[in-house]
Amino acid sequence: MSPARRNVPYSSRPNHAARAAHAQAKRQFKTYDTSYIQPKKSKGPLIGAGIAAVVVVILLVLAVMFLMKSCAPAEASLPEGETAVVVIEEGSGANAIGDELQEAGLVGSSADFSNRVKEMGVDNQLKPGEYTFTGGMTVDELIEAIIAGPAVLGDALTIPEGYTLDDIAASVEQVTSGRITAAEFTKAASDASVYAGSYAFLADVGTNSLEGFLFPKTYGIQEDATADSVIRMMLDQYQVEVAYLDYSYPESQGLNTYQTLILASIIEKESPDNAEVRAKVAAVFYNRLANEGAPTYGLLGSDATTAYEIGEDPTDYDWSTDSPYNTRVHKGLTPTPICSPSLDSIKAACSPAENMEDYYFFSFWPNEEGVVEYFFDKTYEEHQATIAEHA
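Residues numbered from 1 in each chain as written. Predicted model: local features only at pLDDT ≥ 70, side-chain atom pairs only at ≥ 80, totals over all residues. Heavy atoms only, no water.

Caption draft 1: Quick peek at the overall build of the protein chain. Check the secondary structure of the protein chain and you find 14 helices and 6 strands. The buried share among the 391 residues of the protein chain stands at 42%. At a minimum sequence separation of 6, the contacts of the protein chain that also span at least 24 residues come to 63%. For the protein chain, the computed accessible surface area is about 21,000 Å², with 53% contributed by carbon and sulfur atoms. (Helix = DSSP H or I, 4+ residues; strand = E, 2+ residues; numbered from the N terminus. Buried < 20%, exposed > 50% of the residue type's maximum accessible area, 1.4 Å probe, protein only. Contact = heavy atoms within 4.5 Å. Areas by Shrake-Rupley, 256 points an atom, 1.4 Å probe, with all protein chains shown as cover.)

This is the structure we're talking about:
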């Protein structure tokens, strides 16, 4: 069911400094002068020549070991757990910031930082300010922190996974003590086309709201923050998080990146904080979407989509209602995401579980210890039997 997927670790690409060092080592090795090592003539020429050859080999091995050591990338010197304060001046680029981080012992080489920033394409998202970093942070963690900006004590805005735009707007108003009202924030996030010129991933969103793109994370909100600046902070974070995801599978199923996010938001609401279960739920949803006939007729059948529309659990809902968010009667995806999904849910939408081609149903029930367990079935009859067993 799934196409081939790529999984390329960040560290698989040697940086420029390492390549240059190895090139230098190669040149020095080619010009290594052994003319001074000449065996003395003796009555036993074969023995003397053998000794000289051993000496040459030893010296060459030592030289290569030295050059290889000089080629090894430098490591960060700040001990893990210790902190360092770094001040990034206004207008500082990746190279200047890398120099500051290297001086503080947070990276082994300034180039490690600047090269990674270039790879991620976030040069223009690095924010000035005073930062307190901890030894042991990875280069990616440092970059994400600098993109988020310096946190302000007392104004830490935490957006949990699965929050809706309304939830986020209410949190912004609370954290800023009303400096940014929920109404102001909601209005600023109501039309994605306003931000599409700055963020390519919004190209297919049109005039829909930014629901789903306000990435769940803890942000530092400064005194002069506006609804627009907070939204851009969240969109910056979304851009960093999804930059290296492989969308080849959803594309093979006819979904663009926006539709993949819509599916991820439904997966978020229909599954627990467990990457394996989310991948299985994703596989079931893909099967249901692709199945035009029995047993699912292209219907997702997710109650979470209706709960999003009406703002509460659809206990007394009329399931015959003709609404694009009523996925029991409306085929395909909803028009918009229904929350801000976690990165795990987006990954699940990009890479559903394998060997699940015949599964069309899932349900979840608490076990004797109160832990919710998920059950996956192939047929409607099996699904009803699972319900009868646990209901």
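Caption draft 2: Molecular detail of the packing of aromatic side chains. Throughout the structure, instances matching the rule amount to 15 aromatic pairs. Counting every residue linked through ring pairs, the aromatic cluster contains Tyr 199, Phe 201, Phe 213, Tyr 238 and Tyr 258. Between the NZ or CZ atom of Arg 328 and the centre of the ring of Trp 319, over which it lies, the distance is 3.8 Å. (Phe/Tyr/Trp six-rings, centres within 6.5 Å; stacked < 30°, edge-to-face > 60°. Lys NZ or Arg CZ within 6 Å of the ring centre and 35° of its normal.)

Caption draft 3: Main features of the pattern of salt bridges. Scanning all chains against the criterion turns up 11 salt bridges. The salt bridge partner of Arg 278 is Asp 273, with a shortest N-O separation of 3.6 Å. Looking at Arg 278, the relative accessible area reads 2%, which means it is buried. You can call Asp 273 exposed: its relative accessible area is 63%. A salt bridge links Glu 292 to Lys 331; its shortest N-O distance comes to 3.6 Å. (Salt bridge = Lys/Arg side-chain N within 4 Å of Asp/Glu carboxyl O.)

Caption draft 4: Focus on helix 13 (residues 343-350). Along helix 13, 6 of the 8 residues are buried, which leaves the element largely enclosed by surrounding structure. Considering only its buried residues, helix 13 is in contact with helix 8 (227-242), helix 9 (248-252), helix 10 (257-270) and helix 11 (275-290).

Caption draft 5: The arrangement of the packing of helix 4 (residues 110-120) against helix 5 (residues 139-148) in detail. Contact geometry for helix 4 and helix 5: axes closest at 10 Å, N-to-C directions at 65°. The orientation of helix 4 with respect to helix 5, classified from their angle, is roughly perpendicular. The two elements helix 4 and helix 5 meet at a crossing, and its hand is right-handed. Contacts between helix 4 and helix 5 involve Asp 112, Phe 113, Arg 116, Val 117 and Met 120 from the former and Val 139, Asp 140, Ile 143 and Ile 146 from the latter. Among the residues forming the contact of helix 4 with helix 5, the class breakdown is 6 nonpolar, no polar and 3 charged. (Axes fitted to C-alpha atoms, helices over the stretch in contact; angles between N-to-C directions. Parallel < 35°, antiparallel > 145°, perpendicular 65-115°, else oblique. Left-handed = near helix turned anticlockwise from the far one by under 90°. Nonpolar A, V, L, I, M, F, W, Y, C, P; charged D, E, K, R; others polar.)

Caption draft 6: Representation of the nonpolar core. Within the largest apolar cluster, 65 residues are counted, with the highest numbers of intra-cluster contacts made by Phe 185, Leu 202 and Leu 235. Elements supplying a minimum of two residues to this core: helix 6 (165-175), helix 7 (182-188), helix 8, helix 10, helix 11, helix 13 and strand 6 (372-377). With near-sequence residues (within four places) excluded, Leu 235 lies in contact with Tyr 195, Tyr 199, Phe 201, Leu 202, Leu 210, Phe 213 and Leu 214. One finds Ile 88, Leu 106, Phe 133 and Ile 147 within the second-largest nonpolar core, a separate group that totals 21 residues. (Core = buried A, V, L, I, M, F, W, Y, C linked by side-chain atoms within 4.5 Å.)

Caption draft 7: Molecular detail of the environment of Ser 323. Locating Ser 323 in the fold gives a position in the loop between helix 12 (303-310) and helix 13. As a C-alpha pair, Ser 323 and Glu 309 span 14 residues in sequence and 9.2 Å in three-dimensional space. Side-chain polar atoms of Ser 323 contact the side chain of Glu 309, separated by 2.8 Å. (Polar contact = N/O pair within 3.5 Å; in protein donor to acceptor, adjacent residues only side chain to side chain.)

Caption draft 8: Focus on the environment of Asp 236. Note on placement: Asp 236 falls in helix 8. The class of Asp 236 is buried, set by a relative accessible area of 8%. Ignoring any residue separated from it by four or fewer positions in sequence, one finds Asp 236 in contact with Gln 125, Lys 127, Ile 147 and Tyr 199. At 2.8 Å, the side chain of Asp 236 and the side chain of Tyr 199 are in polar contact.

Caption draft 9: View of unusual backbone geometry. With an omega dihedral of 5°, the bond running from Ala 294 to Pro 295 counts as a cis peptide bond. Here Pro 295 shows up in the loop between helix 11 and helix 12. Of note, Ser 177 is a non-glycine position whose phi angle comes to about 55°, a positive value. Given the relative accessible area of 68%, Ser 177 is considered exposed. With phi around 55°, Tyr 297 is a residue other than glycine that occupies positive phi space.

Caption draft 10: Main features of the pairing of strand 5 (residues 361-366). Of the strand pairs in this sheet, strand 5 and strand 6 are connected by 6 bridges, and their pairing is antiparallel. Note that in strand 6 the partner of Phe 362 across the bridge is Phe 376. (Pairing = 2+ DSSP bridges.)

Caption draft 11: Helix 11, seen in detail. In this model helix 11 runs 23 Å from its N-terminal to its C-terminal C-alpha over 16 residues, within 8% of the 22 Å that 1.5 Å per residue would give. Of all the residues in helix 11, the buried ones are Val 277, Arg 278, Ala 279, Val 281, Ala 282, Ala 283, Val 284, Phe 285, Tyr 286, Asn 287, Arg 288 and Leu 289. Contacts made by the buried residues of helix 11 are with helix 9, helix 10, helix 13, strand 5 and strand 6. (Expected span 1.5 Å × (residues − 1).)

Read these as layout, nothing more, since geometry by itself doesn't imply function.
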